[in-house]
Amino acid sequence: MKFLILVTLASLAAVAWGIPSSTYTDKWDNINLDEILESQRLLRGYVDCLLDKGRCTPDAKTLKETLPDALENECSKCTQKQKEGSDKVISHLVNKRPELWEELSSKYDPDHIYQEKYKDKLDSVKN
């Protein structure tokens, strides 16, 4: 019984101290990516948030906070839906909005480390 109490307290302490979970929050997994990608205004808002040029919506703020870790760790904490959404967004930016892709790449990958790391994936989405 003491062991159970100890484990419970340790779990509560881990949550209280913010030990990361195994995946990023799925709170935003059902966001309509097509609506964002098709709207210049909405897409620009997300890009401006990521580039520190504008205000962030709560979901864009979460993206901004998790993006560096996701890039570094091959999206290992992403849910399946987040991985699929990431592929969709990357494909859209690379093929239809290369100027935005370049802006984001300049900030998050100035030395082209991730572009080299994910070269095969980038090549596969290019039209």
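Model, not experiment: these values are computed from the prediction.

(A) Seen up close, helix α6 (residues 98-108). Along α6, the positions that sit buried rather than exposed are Leu100, Trp101, Leu104, Ser105 and Tyr108. Projected down its long axis, α6 shows its buried positions confined to an angular sector of 135°, all on one face. Those residues of α6 that are buried lie in contact with α3 (40-50), α4 (58-72), α5 (80-96), α7 (113-117) and α8 (119-125).

(B) Highlighting unusual backbone geometry. Positive phi outside glycine occurs at Glu74, with the angle close to 55°. Looking at where Glu74 falls in the secondary structure, it is placed in the loop between α4 and α5. Overall, Glu74 belongs to the exposed group, its relative accessible area being 54%.

(C) How the structure looks around the pattern of salt bridges. Here the structure, examined in full by the defined rule, presents 11 salt bridges. The partner of Asp34 in a salt bridge is Lys88, with the nearest N and O atoms 2.8 Å apart. Of this pair, Asp34 sits in helix α2 (residues 33-38) while Lys88 sits in helix α5, and the two are 54 residues apart along the sequence. A residue is classified by how much of its surface remains accessible, and Lys88, at 36% relative accessible area, is partly exposed. One salt-bridge network, in which partners are shared between bridges, spans Arg44, Asp48, Lys53 and Glu103.

Criteria and thresholds
Each chain has its residues counted from 1, following the order in which its sequence is written. Only residues with pLDDT of at least 70 are given local features in this predicted model, and only at 80 or more are side-chain atom pairs given and counted; all residues enter the totals for whole chains, interfaces and linings. To get the side-chain values, take all heavy atoms of the structure and skip hydrogens and water. Using a 1.4 Å probe on the protein chains alone, a residue whose accessible area is under 20% of its type maximum counts as buried, one over 50% counts as exposed, and one in between counts as partly exposed. Helix numbers and strand numbers start at the N terminus; a helix is a DSSP run of H or I with at least 4 residues, a strand a run of E with at least 2. An arc is given here, and it is the one of the directions from the helix axis to the C-beta atoms. We call two residues in contact whenever any of their non-hydrogen atoms come within 4.5 Å of each other. Counted as salt bridges are all cases of a side-chain nitrogen of Lys or Arg within 4 Å of a carboxyl oxygen of Asp or Glu.

Everything listed is a geometric property; what it means functionally is a separate question.
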